[in-house]
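# A look at the structure
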Amino acid sequence: MVDPVIWDIGYLVSAAMFILGIKRLSSPRTAPQGNRLGAYGMLLAVLVTLVKMYTEGIIGYELIISGLAIGTLIGYVMATRVEMTEMPELVALFNGFGGGASALVGLSEVLKRLQNSNVPDPGVELYATWVAIGLSGIIGWATLTGSLMAMGKLRGGFYIPFTKKDDRGRRKWVNFPTWGPPWMNFVKGAVLLACISLIGLTVQNPHNYDYIYSLVILSCILGVLFVIPIGGADMPVVVSLLNSMSGIAAAFTGFVIGNNVLIIAGSMVGAAGLILTFIMCKAMNRTLMAVLFMSFGGGGRESVTRTKIGSDPVEIAMVCDGITKCVIVPGYGMAVSQAQHAVKEFADLMEAQGVEISYGIHPVAGRMPGHMNVLLAEASVPYEQLIEMDDINSELPETDVALVIGANDTINPVARSGEGPLGGMPIIDVDKARVVVIIKRSLSVGYAGVDNDLFFEDKTMMLFGDGKKMMNELNSAIKEF
Amino acid sequence: MLTLATLVASITVFVLAIFLGFELISKVPPTLHTPLMSGANAISGITIVGALILSNAQFNSGDPGTASWLAFIALIMATINVVGGFMVTNKMLEMIAGKKRRGGN
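Procedures and definitions
- Residues numbered from 1 in each chain as written.
- Chains lettered and ligands numbered in written order.
- Predicted model: local features only at pLDDT ≥ 70, side-chain atom pairs only at ≥ 80, totals over all residues.
- Helix = DSSP H or I, 4+ residues; strand = E, 2+ residues; numbered from the N terminus.
- Buried ≥ 20, exposed ≤ 12 C-beta atoms within 10 Å, placed from the backbone.
- Contact = placed C-beta atoms within 7 Å.
- Nonpolar A, V, L, I, M, F, W, Y, C, P; charged D, E, K, R; others polar.
- Expected span 1.5 Å × (residues − 1).
- Arc of directions from axis to C-beta.
- pLDDT = per-residue confidence, 0-100.
- Axes fitted to C-alpha atoms, helices over the stretch in contact; angles between N-to-C directions.
- Parallel < 35°, antiparallel > 145°, perpendicular 65-115°, else oblique.
- Pairing = 2+ DSSP bridges.
- Left-handed = near helix turned anticlockwise from the far one by under 90°.

Each helix and strand in chain B was counted, giving four helices and zero strands. Secondary structure of chain B in N-to-C order comes out as α-α-α-α. In chain B, which comprises 105 residues, the proportion classed as buried is 58%. For chain B, the share of sequence-separated contacts (at least 6 apart) that also reach a separation of at least 24 residues comes to 63%.

What follows is the structure in structure tokens.
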């Protein structure tokens, strides 16, 4: 018989690898190594668990082997097939799976104990185990349904299966709903309160299956209610918060099965996700509470009464001739139209003429933390050219042309006035550049529902249309020029 | 057997690990926001350990019981989270770091 303490030492090594892995993930030079370290730590934890189970007697291999095989296959295929543009959805989906797995482990444990009449007598063991199962359940199920909702919102909508295909072979498309009347917060509060009371009831009546199943259903509803009122541009906050929650769910599962590596890894991921959440909130100058519980924009959409004559690509190409410095500011519109390769081509054309190119990246541009950086990296944009907001703002007064692609709220000068929905939000000061070129579908307001005065200024040239199409036309205009 | 002493020890580990997590990544460059998130997410798939332990079941009478089937689904989901998560993170980081090496001269 092997001394069981050896397993705990194995888990300790694996926890140390996770800690070093996360640490190294936060610096560009060491990040690939950090990720590998995390993966090896996970492999070690799985191997330790398997060997431990083997020495203690495995009674059936079927579920273990097929579960690992099916999961590996699906995970491998999804990770290999994914396009960079689909990355936000995939990260949200994996996150949901993590939360769901933690919740299922808790549920499985409680059912197994009931089945084997292994329910502890009232005392510390009963209270601690049942409360941990309940908490991992609430957070885990809410993470699963919340992440699925977030995934739907990141895609923007979905095709209804079995509907008639149109002439382009597509099925009917529905936009994913964003819906949150003010009374929704009371419903959310009531559901959360009901979940917590149900944990109390299961502790008092551990043998009652109804309480357990009600808890599962209510937690799933909680996740849906939590995400449905939050609009697309607030998704970076939601995605990183759900990431944090999946970690916390794993930590509570650690309490359930009495395993320290789950507690350490889970709570570290929880803390890391929370830090990212606060970075995102700060970049929008909104509190986490405001993002989660106050509906934003959407309402009172101002109708645009002013007009602005659009420019054409040839005009822009003429303006871009002979300049020395150009700053490119991408937004969600670049991601939607997948214009990143056309943007890179533009940058290459300009660089061939000796123009200095840099990219100004707003921290909440796009739909997930770091969205723009990932897309531009895919288009082979050198890492050094991606400049953070504060640094690019000091360069903009010396910039000849600021080219904005599909961004609106993150460049709206009204934010500096400190009033209105955008008040106080840090922005990229493109209005300080000599000429501002904005590629956008129309003059309509952004997510915040605020008009942008910059569009109507004399130094601003609007290029109306799809980001990728306009960039391609601009590129060919430059080549002919 | 879970006693008050072991519970308090576990809570100690929990609280210290949260503080550690906060200290560990106080400053992250925006380029790494997505990879950090998806890498951390893969690590939260550590719940795979619990899923493995509970998937240990016997098909003696044909059906191993609801609890084992739930653990089996948990195992599949956790494995997807772990394998997929580390792979996409690696894919992103190779892109970011690879570009850096080539563009950085």
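Next up on the list: the overall build of chain A. In terms of helices and strands, chain A carries 16 helices and eight strands. Each of the three principal axes of chain A carries a C-alpha extent, and together these read 80 × 50 × 50 Å. Out of the 481 residues belonging to chain A, those deemed buried represent 50%. In chain A, the proportion of contacts linking residues at least 24 apart, taken out of those at least 6 apart, comes to 77%.

Interfaces are often sized by the accessible area lost when the parts come together. In this assembly, 101 residues from chain A lie in contact with 84 residues from chain B. If you tally residues by element for the side of chain A that touches chain B, the top one is helix α4 (residues 87-115) of chain A, at 18 residues. Considered class by class, the residues forming the side of chain A that touches chain B number 60 nonpolar, 33 polar and eight charged.

All names here are of chain A. Between the first and last C-alpha of helix α6 (residues 184-204) there are 30 Å, a value that for 21 residues agrees with the 30 Å anticipated at 1.5 Å per step. Every buried residue of α6 is accounted for by Val 191, Cys 195, Leu 198 and Thr 202. What you see down the axis of α6 is that its buried residues fit within an arc of 60°, all on one side. Away from the buried face of α6 by more than 90 degrees, exposed residues Phe 186, Gly 189, Ala 190, Leu 193 and Gln 204 are located. Next to the buried residues of α6 lie α5 (124-155) and α7 (209-227).

Before going further, it helps to spend a moment on the confidence of the model for chain B. Residue and element names in this part refer to chain B. When pLDDT is averaged along chain B, the result is 86, and 89% of the positions lie at 70 or above. The least confident element of chain B, judged by mean pLDDT, is helix α4 (residues 66-103) at 86; the most confident is helix α3 (residues 48-54) at 95. Predicted confidence is poor over residues 100-105, with pLDDT under 50, and the contacts of this stretch with residues over four places away or in other chains come to six contacts. The ipTM assigned to the predicted complex is 0.91, against a pTM of 0.86.

Okay, the packing of helix α1 (residues 5-25) of chain A against helix α2 (residues 33-43) of chain B next. Two elements in contact, α1(A) and α2(B), have axes separated by 10 Å at closest approach and are oriented at 170°. As the angle between them shows, α1(A) and α2(B) are arranged roughly antiparallel. Listed contacts from α2(B) to Phe18(A), Gly21(A), Ile22(A) and Leu25(A) of α1(A) are Pro35(B), Leu36(B), Gly39(B), Ala40(B) and Ile43(B).

On to the pairing of strand β3 (residues 325-330) of chain A. Residues and elements named next belong to chain A. With five of its six residues buried, β3 lies for the most part within the structure. Note that β3 and strand β4 (residues 356-361) share four bridges and pair parallel. Following the sheet pairing, Cys 326 is matched in β4 by Ile 357. Sheet analysis places β3 next to strand β6 (residues 401-405), joined by five bridges and oriented parallel. Opposite Cys 326, over in β6, you have Val 401 as the bridge partner.

One can describe the packing of α4(A) onto α2(B) by two numbers: an axis separation of 10 Å at closest approach and a directional angle of 25°. Comparing the axis directions of α4(A) and α2(B) gives the class roughly parallel. The interaxial crossing formed by α4(A) with α2(B) has left-handed handedness. Each of Met87(A), Val91(A), Phe94(A), Asn95(A) and Gly98(A) in α4(A) lies in contact with α2(B), whose residues at this interface are Thr34(B), Met37(B), Ser38(B) and Asn41(B). Per-class residue counts for the contact of α4(A) with α2(B) are four nonpolar, five polar and no charged.

With respect to burial, α2(B) is a largely interior element, 11 of its 11 residues being buried. For α2(B), the full list of buried residues reads His33(B), Thr34(B), Pro35(B), Leu36(B), Met37(B), Ser38(B), Gly39(B), Ala40(B), Asn41(B), Ala42(B) and Ile43(B).

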